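These are the residues of each chain, in order.
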Amino acid sequence: AQSVTQLDSQVPVFEEAPVELRCNYSSSVSVYLFWYVQYPNQGLQLLLKYLSGSTLVKGINGFEAEFNKSQTSFHLRKPSVHISDTAEYFCAVSPLGQAGTALIFGKGTTLSVSS
Amino acid sequence: GAVVSQHPSWVICKSGTSVKIECRSLDFQATTMFWYRQFPKQSLMLMATSNEGSKATYEQGVEKDKFLINHASLTLSTLTVTSAHPEDSSFYICSEWRVNEQFFGPGTRLTVL
């Protein structure tokens, strides 16, 4: 079975500051890893995903994440945030080779960007 | 553009009534779709896996007689909340896999009075 732990429930940050949202996972098999963003009353939008290859993954809106297999982590980073980045962020995993299975989500991190 | 649509986006109903939520796959034949439920300030919890032409698979603790899922075609899955009660008020989201990525619908906000 797989599980996902998002280490911070809320992250307040000032505009133009860097941010890191932390995600750790547990799995007995290899996994695909995802970060999604959710704005109020909307569905989920994919920020980035790690399937294989380079451990540094670049996504949309200037976000990137690094897969660390030894630490079972997939932390999301952005060097300079904007007010518009205020949203809920979810880390998720799916067992490798089982693309038809549902995602397992972390509890989410609320990113609040203020001026 | 959107690849998964949901209808309605927002519904308010009286306690005891039934509500149907539609999830459509756009330009893709989805043999499997997923239904999630999200309570305020919480994460998404898988309710059931909808399989085209067969019975849905429900997660533990989800009442299959209350949350009826029908996947009659490769582009449409429906979730019917029967005899809705205020505790069923939530955000319901469907999704599908397409080539190593899961796409989500925009969600349906259900409020039961």
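## A closer look at the overall build of chain B
Turning to step 1, where the next piece is worked out: If you tally the helices and strands in chain B, you get 0 helices and 11 strands.
Turning to step 2, where the next piece is worked out: Ordered by position from the N terminus, the helices and strands of chain B form the series β-β-β-β-β-β-β-β-β-β-β.
Turning to step 3, where the next piece is worked out: A compact globule built from 113 residues should have a C-alpha radius of gyration of about 13 Å, and chain B, at 13 Å, falls within 12% of that.
Turning to step 4, where the next piece is worked out: Dimensions along the principal axes, computed over C-alpha positions, put chain B at roughly 40 × 30 × 20 Å.
Turning to step 5, where the next piece is worked out: In the structure as shown, chain B presents an accessible area of about 5700 Å², 53% of it carried by carbon and sulfur atoms.
Turning to step 6, where the next piece is worked out: With 10 positive and 10 negative side-chain charges, chain B shows a spacing of 6 Å between the two charge centroids.

## Section: the sheet that holds strand β8 (residues 76-81) of chain B
All names here are of chain B.
Turning to step 1, where the next piece is worked out: The strand order across the open sheet formed by 4 strands is β1-β3-β8-β7, and the pairing between neighbours is antiparallel. Since the sheet does not close on itself, it has two edges, and those belong to β1 (4-7) and β7 (67-73), each with one partner. Between one strand and the next, the sheet's axes are offset by a mean angle of 15 degrees, whatever the strand orientation.

## Quick look at a nonpolar patch on the surface
Turning to step 1, where the next piece is worked out: Where nonpolar side chains cluster on the molecular surface, the patch consists of W10, I12 and L113 of chain B and spans about 370 Å² of accessible area.
Turning to step 2, where the next piece is worked out: Its place among the elements puts I12 of chain B in strand β2 (residues 10-13).

## Some details on the interface of chain B and chain A
Turning to step 1, where the next piece is worked out: On the side of chain A, 21 residues touch chain B, which itself brings 20 residues to the contact.
Turning to step 2, where the next piece is worked out: Interface area, chain B with chain A, both sides summed: about 1500 Å², of which 57% is carbon and sulfur.
Turning to step 3, where the next piece is worked out: Looking at the side of chain B facing chain A, the largest losses of area belong to W97, N100 and F104 of chain B, adding up to 35% of the total buried there.
Turning to step 4, where the next piece is worked out: Residue E101 of chain B pairs with K49 of chain A through a salt bridge whose shortest N-O separation is 3.3 Å.

## Quick notes on the state of the cysteines
All names here are of chain B.
Turning to step 1, where the next piece is worked out: For the structure shown, the criterion picks out 2 disulfides over all chains.
Turning to step 2, where the next piece is worked out: The disulfide partner of C23 is C94, and the gap between their sulfur atoms is 2.0 Å. Here the S-S torsion is close to 85 degrees, and the disulfide linking C23 with C94 is therefore right-handed. Of this pair, C23 sits in strand β3 (residues 19-25) while C94 sits in strand β9 (residues 90-97); the two residues are 71 residues apart in sequence, bridging distant segments of the chain.
Turning to step 3, where the next piece is worked out: Among the residues examined, C23 registers a relative accessible area of 0% and is labelled buried.
Turning to step 4, where the next piece is worked out: Judged by its relative accessible area of 0%, C94 is buried.
Turning to step 5, where the next piece is worked out: C13 carries a free sulfur, and the closest cysteine sulfur to it, the one in C94, is 18 Å from it.

## Observations regarding the pairing of strand β1 (residues 3-6) of chain A
All names here are of chain A.
Turning to step 1, where the next piece is worked out: Along β1, the buried face is formed by V4 and Q6; none of S3 and T5, which line the opposite face, is buried.
Turning to step 2, where the next piece is worked out: Alignment of β1 against strand β4 (residues 23-26), held across 4 bridges, turns out to be antiparallel. Across the sheet, V4 pairs through a bridge with Y25, a residue of β4.

## As for the pairing of strand β5 (residues 44-51) of chain B
Within a regular strand, the side chains alternate between the two sheet faces.
All names here are of chain B.
Turning to step 1, where the next piece is worked out: Most of β5 sits inside the fold, with 6 of its 8 residues counted as buried.
Turning to step 2, where the next piece is worked out: The sheet contact formed by strand β4 (residues 32-38) and β5 spans 7 bridges and is antiparallel. Bridge assignment links R37 to a residue of β5, and that residue is M45.
Turning to step 3, where the next piece is worked out: The pairing of β5 with strand β6 (residues 57-58) spans 2 bridges and is classified as antiparallel. Opposite A48, over in β6, you have Y58 as the bridge partner.
Turning to step 4, where the next piece is worked out: Between β5 and the antiparallel strand that follows it, β6, lie 5 residues; G53 among them carries a positive phi value of about 80 degrees.

Rules of the game
- Residues numbered from 1 in each chain as written.
- Chains lettered and ligands numbered in written order.
- Predicted model: local features only at pLDDT ≥ 70, side-chain atom pairs only at ≥ 80, totals over all residues.
- Heavy atoms only, no water.
- Helix = DSSP H or I, 4+ residues; strand = E, 2+ residues; numbered from the N terminus.
- Rg over C-alpha atoms; globule rule 2.2 N^0.38 Å.
- Areas by Shrake-Rupley, 256 points an atom, 1.4 Å probe, with all protein chains shown as cover.
- Lys, Arg positive; Asp, Glu negative; His and termini not counted.
- Charge placed at Lys NZ, Arg CZ, Asp CG, Glu CD.
- Pairing = 2+ DSSP bridges.
- Axes fitted to C-alpha atoms, helices over the stretch in contact; angles between N-to-C directions.
- Patch = residues over 30% accessible without salt bridge, like charges linked within 9 Å, V, L, I, M, F, W, Y side chains within 5 Å.
- Salt bridge = Lys/Arg side-chain N within 4 Å of Asp/Glu carboxyl O.
- Contact = heavy atoms within 4.5 Å.
- Buried area = accessible area lost by both parts, 1.4 Å probe.
- Disulfide = S-S within 2.5 Å.
- Buried < 20%, exposed > 50% of the residue type's maximum accessible area, 1.4 Å probe, protein only.

As far as function goes, none of this settles anything; it's purely spatial.
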